[in-house]
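# A structural walkthrough
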Amino acid sequence: MIRIFAGYDPREAIGYHVFTQSLIERTSEAVAITPFFGKQRDGSNTFIYQRFLVPYFTGFKGRAIFMDASDMLMLADIAELDKLFDPTKAVQVVKHNYFTKHKRKYIGTAMETKNENYPRKNWSSLILWNCEHPDNRVLDPDFVDDHTGSELHRFEWLKDEQIGELPEEWNVLVGEDDQDAKIAHYTLGIPEFEHYKDCAYSQEWHKTKSRMLNGLINMKENAYA
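Note that residues are indexed from 1 along each chain, following the sequence as it is written. Reporting of local features is limited, given that this is a predicted model, to residues whose pLDDT is at least 70; pairs of side-chain atoms are given and counted only at 80 or more, and all residues count toward the totals for whole chains, interfaces and linings. Computation of side-chain values covers all heavy atoms of the structure but excludes hydrogens and water.

This brings us to the overall build of the protein. If you tally the helices and strands in the protein, you get six helices and 11 strands. Computed over C-alpha atoms, the radius of gyration of the protein comes to 17 Å, within 12% of the 17 Å expected from 2.2 N^0.38 for 225 residues, which places it in the range of a compact globule. When the backbone C-alpha atoms are referred to their principal axes, the protein occupies close to 55 × 40 × 35 Å. Each residue's exposure class comes from its accessible area (1.4 Å probe, protein chains only) as a fraction of the maximum for that residue type: buried when under 20%, exposed when over 50%, partly exposed otherwise. Among the 225 residues that make up the protein, the fraction classed as buried is 48%. Residue contacts are defined here by distance: any two heavy atoms, one from each residue, within 4.5 Å place the two residues in contact. Residue pairs at least 24 apart in sequence account for 72% of intrachain contacts in the protein once pairs closer than 6 positions are excluded. Accessible areas in this description were obtained via Shrake-Rupley with a 1.4 Å probe; residue shielding takes into account the shown protein chains only. A total of about 11,200 Å² of accessible surface is found on the protein, and carbon and sulfur atoms cover 49% of it. Secondary structure elements follow DSSP: runs of H or I no shorter than four residues count as helices, runs of E no shorter than two count as strands, and numbering proceeds from the N terminus. Here the radius of gyration uses the C-alpha set of atoms, whereas the globule reference equals 2.2 Å times the residue count to the power 0.38.

The next thing to look at is the nonpolar core. Counting 24 residues, the largest nonpolar core has Phe52, Val54, Trp129, Phe155 and Trp157 as the members making the most contacts within it. For this core, the secondary-structure elements that each account for two or more residues are strand 3 (63-67), strand 5 (91-93), strand 8 (126-130) and helix 4 (141-146). Those residues in contact with Trp157 that lie beyond four places of it in its chain are Phe52, Trp129, Asp135, Asn136, Val138, Leu139, Phe143 and Leu152. With 22 residues, the next largest nonpolar core counts Met67, Met72, Val94 and Leu126 among its residues. Here, nonpolar core refers to any group of buried Ala, Val, Leu, Ile, Met, Phe, Trp, Tyr and Cys residues whose side-chain atoms link them within 4.5 Å.

Attention now moves to the sheet that holds strand 11 (residues 183-185). Two strands are counted as paired when DSSP detects at least two bridges linking them. Taken in spatial order, the three strands of this open sheet run 4-11-10, and their pairing is mixed. Edge positions in the open sheet fall to strand 4 (72-74) and strand 10 (172-173), since each of these has one partner strand only. Looking at chain direction, strand 4 and strand 11 are connected through three bridges and run antiparallel. Within the sheet, the bridge partner assigned to Met74 lies in strand 11 and is Ile183.

Moving on, we get to helix 1 (residues 13-26). Between the first and last C-alpha of helix 1 there are 21 Å, a value that for 14 residues agrees with the 20 Å anticipated at 1.5 Å per step. Every buried residue of helix 1 is accounted for by Gly15, Tyr16, Val18, Phe19, Thr20, Ser22 and Leu23. Every helix has an expected span of 1.5 Å times one less than the residues it contains.

Bringing the sheet that holds strand 3 into the picture now. Across the sheet, six strands lie side by side as 2-1-3-8-5-9; this open sheet has mixed pairing. Strand pairing shows two members of the sheet lacking a second neighbour, strand 2 (31-36) and strand 9 (163-165), which therefore form its edges. Taken over all neighbouring pairs, the strand axes of this sheet differ in orientation by 25° on average, direction set aside. Both strand 5 and strand 9 contribute to a ladder of three bridges, which runs parallel. Looking at the pairing, Val91 lines up with Ile163 of strand 9. All axes are obtained by fitting lines to C-alpha atoms, using only the stretch in contact for helices, and the reported angles, taken between N-to-C directions, cover 0 to 180 degrees.

Before going further, it helps to spend a moment on the packing of aromatic side chains. Where two aromatic rings form a pair, the distance of their centres and the angle of their planes describe that pair. Working definition: a ring pair exists when centres of Phe, Tyr or Trp rings (six-membered ring for Trp) sit within 6.5 Å. Plane angles under 30 degrees give stacked, over 60 give edge-to-face, the rest tilted. Counted under the stated rule, the structure contains 10 aromatic pairs. The interplanar angle of 75° and the centroid separation of 5.7 Å between the aromatic rings of Phe36 and Phe57 together place this pair among those described as edge-to-face. In this pair, Phe36 sits in strand 2 while Phe57 sits in helix 2 (residues 54-57), placing the two residues 21 residues apart along the sequence. Among the residues examined, Phe57 registers a relative accessible area of 46% and is labelled partly exposed.

Bringing the pairing of strand 8 into the picture now. Counting buried positions along strand 8 gives five out of five residues, so the element sits mostly inside the fold. On strand 8, burial covers both faces: Leu126, Leu128 and Asn130 on one face and Ile127 and Trp129 on the other are all buried. Pairing between strand 3 and strand 8: five bridges, direction antiparallel. The residue of strand 8 that forms the bridge with Ile65 is Leu128.

Okay, here's the thing in C-alpha coordinates:
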(Lines give C-alpha, C1' and ligand atoms only; values in the text may rest on other atoms or scores of the structure.)
Protein backbone atom coordinates (compact mmCIF):
# COMPACT_ATOMS: atom_id res chain seq x y z
CA MET A 1 0.00 0.00 0.00
CA ILE A 2 1.43 3.39 -1.02
CA ARG A 3 0.61 6.06 1.56
CA ILE A 4 -0.08 9.47 0.05
CA PHE A 5 -0.73 12.66 1.98
CA ALA A 6 -2.42 15.06 -0.45
CA GLY A 7 -2.66 18.78 0.20
CA TYR A 8 -6.25 20.05 0.11
CA ASP A 9 -7.22 23.72 -0.13
CA PRO A 10 -10.97 24.52 -0.33
CA ARG A 11 -10.21 27.37 -2.73
CA GLU A 12 -8.86 24.76 -5.17
CA ALA A 13 -11.21 21.92 -4.25
CA ILE A 14 -11.82 21.01 -7.89
CA GLY A 15 -8.05 20.71 -8.36
CA TYR A 16 -7.79 18.23 -5.50
CA HIS A 17 -10.50 15.99 -6.93
CA VAL A 18 -9.03 16.13 -10.44
CA PHE A 19 -5.66 15.16 -8.98
CA THR A 20 -7.05 12.14 -7.13
CA GLN A 21 -8.87 11.07 -10.30
CA SER A 22 -5.61 11.22 -12.26
CA LEU A 23 -3.72 9.32 -9.56
CA ILE A 24 -6.26 6.51 -9.21
CA GLU A 25 -6.62 6.12 -12.98
CA ARG A 26 -2.90 5.45 -13.42
CA THR A 27 -1.79 3.58 -10.32
CA SER A 28 -0.80 -0.08 -10.60
CA GLU A 29 -0.72 -0.58 -6.83
CA ALA A 30 -3.13 0.02 -3.98
CA VAL A 31 -2.97 3.54 -2.57
CA ALA A 32 -4.20 5.17 0.62
CA ILE A 33 -4.88 8.88 0.07
CA THR A 34 -5.15 11.14 3.12
CA PRO A 35 -6.30 14.72 2.41
CA PHE A 36 -4.16 17.16 4.35
CA PHE A 37 -5.81 20.33 5.60
CA GLY A 38 -4.90 22.72 8.38
CA LYS A 39 -4.80 26.35 9.46
CA GLN A 40 -3.89 28.94 6.83
CA ARG A 41 -0.67 30.74 7.74
CA ASP A 42 1.48 33.34 6.01
CA GLY A 43 -1.24 34.02 3.45
CA SER A 44 -0.57 30.77 1.65
CA ASN A 45 -2.46 27.51 1.23
CA THR A 46 -4.09 25.60 4.08
CA PHE A 47 -1.53 22.78 4.11
CA ILE A 48 1.56 24.99 4.03
CA TYR A 49 3.00 23.46 7.25
CA GLN A 50 0.96 20.27 7.56
CA ARG A 51 3.36 18.54 5.15
CA PHE A 52 6.09 18.59 7.79
CA LEU A 53 3.93 16.50 10.12
CA VAL A 54 3.73 13.49 7.82
CA PRO A 55 6.27 11.47 9.88
CA TYR A 56 4.41 12.43 13.07
CA PHE A 57 1.04 11.28 11.72
CA THR A 58 2.52 7.96 10.59
CA GLY A 59 3.90 7.33 14.08
CA PHE A 60 7.39 7.71 12.60
CA LYS A 61 6.99 4.41 10.79
CA GLY A 62 7.52 3.36 7.19
CA ARG A 63 7.51 5.77 4.30
CA ALA A 64 5.00 8.10 2.68
CA ILE A 65 4.61 10.61 -0.12
CA PHE A 66 3.44 14.18 0.35
CA MET A 67 2.11 16.05 -2.69
CA ASP A 68 0.66 19.54 -3.06
CA ALA A 69 -2.11 17.73 -4.97
CA SER A 70 -4.62 20.59 -5.35
CA ASP A 71 -2.53 22.04 -8.18
CA MET A 72 -1.00 18.83 -9.55
CA LEU A 73 -1.91 16.20 -12.15
CA MET A 74 -0.56 12.64 -12.27
CA LEU A 75 0.61 11.67 -15.75
CA ALA A 76 2.37 8.45 -14.73
CA ASP A 77 2.02 5.57 -12.28
CA ILE A 78 2.66 6.66 -8.67
CA ALA A 79 4.24 3.23 -8.11
CA GLU A 80 7.14 4.34 -10.33
CA LEU A 81 7.79 7.22 -7.95
CA ASP A 82 7.47 5.00 -4.88
CA LYS A 83 10.15 2.67 -6.30
CA LEU A 84 12.66 5.56 -6.19
CA PHE A 85 12.57 5.51 -2.37
CA ASP A 86 16.08 5.57 -0.88
CA PRO A 87 16.18 4.38 2.76
CA THR A 88 19.52 6.17 3.31
CA LYS A 89 17.87 9.60 2.90
CA ALA A 90 15.56 11.47 5.28
CA VAL A 91 13.61 13.01 2.41
CA GLN A 92 13.76 13.01 -1.38
CA VAL A 93 12.63 15.96 -3.50
CA VAL A 94 13.00 17.50 -6.95
CA LYS A 95 15.70 20.10 -6.37
CA HIS A 96 14.43 22.97 -8.49
CA ASN A 97 17.00 25.72 -9.05
CA TYR A 98 15.29 28.54 -10.91
CA PHE A 99 14.07 32.11 -10.88
CA THR A 100 10.41 32.49 -11.76
CA LYS A 101 9.40 33.91 -15.13
CA HIS A 102 6.17 35.28 -13.64
CA LYS A 103 5.91 38.09 -11.09
CA ARG A 104 2.40 37.11 -10.00
CA LYS A 105 0.46 33.86 -9.59
CA TYR A 106 -3.23 32.88 -9.35
CA ILE A 107 -3.93 35.82 -11.66
CA GLY A 108 -7.58 36.84 -11.81
CA THR A 109 -8.60 35.01 -8.64
CA ALA A 110 -9.07 35.99 -5.01
CA MET A 111 -5.80 34.15 -4.35
CA GLU A 112 -3.74 36.40 -6.65
CA THR A 113 -0.42 37.32 -5.07
CA LYS A 114 3.23 38.07 -5.73
CA ASN A 115 5.31 35.16 -6.95
CA GLU A 116 8.55 35.66 -5.08
CA ASN A 117 11.89 33.93 -5.54
CA TYR A 118 13.56 32.24 -2.59
CA PRO A 119 16.08 29.43 -2.00
CA ARG A 120 14.82 25.89 -2.60
CA LYS A 121 11.53 27.19 -3.99
CA ASN A 122 9.05 24.35 -4.56
CA TRP A 123 11.34 21.66 -3.14
CA SER A 124 8.73 20.83 -0.48
CA SER A 125 5.80 20.57 -2.91
CA LEU A 126 6.54 16.86 -3.40
CA ILE A 127 8.36 14.89 -0.70
CA LEU A 128 9.22 11.23 -0.39
CA TRP A 129 9.33 10.88 3.37
CA ASN A 130 11.46 8.35 5.21
CA CYS A 131 9.27 8.56 8.30
CA GLU A 132 11.60 6.31 10.30
CA HIS A 133 14.73 8.39 9.72
CA PRO A 134 16.02 9.45 13.18
CA ASP A 135 16.50 13.07 12.15
CA ASN A 136 12.82 13.36 11.23
CA ARG A 137 11.72 12.50 14.77
CA VAL A 138 11.96 16.17 15.76
CA LEU A 139 8.97 16.92 13.53
CA ASP A 140 6.12 17.17 15.99
CA PRO A 141 3.45 19.93 16.19
CA ASP A 142 5.49 22.01 18.67
CA PHE A 143 8.57 21.91 16.45
CA VAL A 144 6.60 22.93 13.38
CA ASP A 145 4.83 25.75 15.24
CA ASP A 146 8.14 27.03 16.62
CA HIS A 147 9.98 27.22 13.28
CA THR A 148 9.62 29.64 10.41
CA GLY A 149 8.37 28.74 6.96
CA SER A 150 11.80 29.34 5.46
CA GLU A 151 13.45 26.98 7.96
CA LEU A 152 10.95 24.23 7.27
CA HIS A 153 10.63 24.55 3.50
CA ARG A 154 14.41 24.56 3.16
CA PHE A 155 14.67 21.41 5.32
CA GLU A 156 17.08 23.14 7.67
CA TRP A 157 16.70 20.48 10.37
CA LEU A 158 18.58 18.13 8.01
CA LYS A 159 22.10 18.02 6.62
CA ASP A 160 22.28 18.58 2.87
CA GLU A 161 23.46 15.03 2.27
CA GLN A 162 20.28 13.72 3.92
CA ILE A 163 18.13 15.37 1.23
CA GLY A 164 17.93 13.01 -1.73
CA GLU A 165 17.24 14.17 -5.28
CA LEU A 166 14.43 13.00 -7.57
CA PRO A 167 14.32 13.34 -11.38
CA GLU A 168 12.76 16.66 -12.39
CA GLU A 169 10.02 14.95 -14.41
CA TRP A 170 8.32 14.10 -11.10
CA ASN A 171 7.56 17.76 -10.33
CA VAL A 172 7.48 19.80 -13.53
CA LEU A 173 6.49 23.40 -12.84
CA VAL A 174 4.03 24.37 -15.56
CA GLY A 175 4.91 27.76 -17.05
CA GLU A 176 8.43 27.60 -15.64
CA ASP A 177 9.76 24.37 -17.13
CA ASP A 178 9.07 22.87 -20.55
CA GLN A 179 10.28 19.31 -20.09
CA ASP A 180 8.07 16.22 -20.30
CA ALA A 181 6.22 15.64 -17.05
CA LYS A 182 5.22 12.62 -15.02
CA ILE A 183 3.64 15.04 -12.58
CA ALA A 184 2.44 18.41 -13.88
CA HIS A 185 2.52 21.03 -11.14
CA TYR A 186 0.37 24.08 -11.93
CA THR A 187 2.20 26.20 -9.39
CA LEU A 188 1.04 29.46 -11.02
CA GLY A 189 -2.62 28.43 -11.17
CA ILE A 190 -4.72 25.43 -12.19
CA PRO A 191 -6.45 25.27 -15.60
CA GLU A 192 -9.81 25.84 -13.88
CA PHE A 193 -8.74 29.49 -13.53
CA GLU A 194 -9.47 31.52 -16.66
CA HIS A 195 -5.93 32.92 -16.98
CA TYR A 196 -4.43 29.40 -17.08
CA LYS A 197 -7.11 27.50 -19.00
CA ASP A 198 -4.79 26.96 -21.99
CA CYS A 199 -1.48 26.42 -20.18
CA ALA A 200 0.76 23.41 -20.80
CA TYR A 201 -0.95 20.14 -19.83
CA SER A 202 -4.29 21.95 -19.60
CA GLN A 203 -5.94 19.58 -22.07
CA GLU A 204 -4.99 16.59 -19.91
CA TRP A 205 -6.35 18.40 -16.85
CA HIS A 206 -9.68 19.28 -18.50
CA LYS A 207 -10.11 15.73 -19.85
CA THR A 208 -9.46 14.29 -16.40
CA LYS A 209 -12.00 16.70 -14.89
CA SER A 210 -14.59 15.58 -17.47
CA ARG A 211 -14.03 11.90 -16.66
CA MET A 212 -14.40 12.66 -12.95
CA LEU A 213 -17.65 14.58 -13.45
CA ASN A 214 -19.04 11.95 -15.82
CA GLY A 215 -18.37 9.34 -13.15
CA LEU A 216 -20.36 11.35 -10.63
CA ILE A 217 -23.25 11.77 -13.07
CA ASN A 218 -23.30 8.04 -13.84
CA MET A 219 -23.23 7.23 -10.13
CA LYS A 220 -26.26 9.48 -9.51
CA GLU A 221 -28.14 7.99 -12.45
CA ASN A 222 -27.49 4.46 -11.22
CA ALA A 223 -28.59 5.41 -7.70
CA TYR A 224 -31.99 6.53 -8.99
CA ALA A 225 -32.43 3.76 -11.59
